[in-house]
Amino acid sequence: MTKGNMTREQAIEAVGENAVDAVERKNCDFTNRVMPDNDDRVEFSAAVSAKDRAGQECTLIAYYYPTQAQLVDAGGDDLGNVPWEIEGFEIV
């Protein structure tokens, strides 16, 4: 089960485009969360502090789920070669 049920548009609506742009520019890292059986993806995330539309402090998280093959085949020794795509956003 993946995290990040919000689309980019929903995240922009909730916290604004500046916060979404900021989390998209931020480097992501392993979350160390174990994926369910038969799921060969690896969870990465990036997070930034933000304020929601009501002015409440929150954290915007972007989730990435590259496969093991993408990490090994494309990444090799350089994770910069992995095709990074945000799969969803979450606000906590």
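Source: prediction; values computed, not measured.

Trainee: Just to check I follow, could you spell out the pattern of salt bridges for this structure?
Mentor: Working definition: two side chains of opposite charge can pair if their charged atoms are close together. This structure, assessed with the given rule, holds five salt bridges. The salt bridge involving Glu 24 is made with Arg 8; its shortest N-O contact spans 2.6 Å. Here the residue Glu 24 occupies a position in helix α2 (residues 17-25), and Arg 8 occupies one in helix α1 (residues 8-15), the gap between them amounting to 16 residues. A residue is classified by how much of its surface remains accessible, and Glu 24, at 30% relative accessible area, is partly exposed. Ionic pairing is found between Glu 57 and Lys 51, a salt bridge with its closest N-O pair at 3.7 Å. Taking the relative accessible area as the measure of exposure, Glu 57 reaches 59% and is therefore exposed.

Trainee: Can you help me understand the nonpolar core in this one?
Mentor: Nonpolar side chains tend toward joint burial in soluble globular proteins. Ranked by size, the top nonpolar core spans 17 residues in total, and within it Val 15, Val 20, Val 23, Leu 60 and Phe 89 carry the most contacts. Secondary-structure elements contributing two or more residues to this core are α1, α2, β2 (44-51) and β3 (57-64).

Trainee: I keep staring at the pairing of β3 and nothing clicks. Help me out?
Mentor: Two faces belong to every sheet, and in a regular strand the side chains alternate between them. When you tally the buried positions in β3, you get six out of eight residues, the bulk of the element. Two strands pair when backbone bridges link them, and β2 and β3 are joined in this way by eight bridges, in the antiparallel orientation. Paired with Val 48 across the bridge in β3 is Leu 60. Taken together, β2 and the strand that follows it, β3, pair antiparallel across an intervening segment of five residues, in which Gly 55 is found at a positive phi of about 90°. One ladder, built from five bridges, connects β3 with strand β4 (residues 86-91); its direction is antiparallel. Looking at β4, one finds that Tyr 64 is bridged to Ile 86.

Parameters at a glance
Residues numbered from 1 in each chain as written. Predicted model: local features only at pLDDT ≥ 70, side-chain atom pairs only at ≥ 80, totals over all residues. Heavy atoms only, no water. Salt bridge = Lys/Arg side-chain N within 4 Å of Asp/Glu carboxyl O. Helix = DSSP H or I, 4+ residues; strand = E, 2+ residues; numbered from the N terminus. Buried < 20%, exposed > 50% of the residue type's maximum accessible area, 1.4 Å probe, protein only. Core = buried A, V, L, I, M, F, W, Y, C linked by side-chain atoms within 4.5 Å. Pairing = 2+ DSSP bridges.

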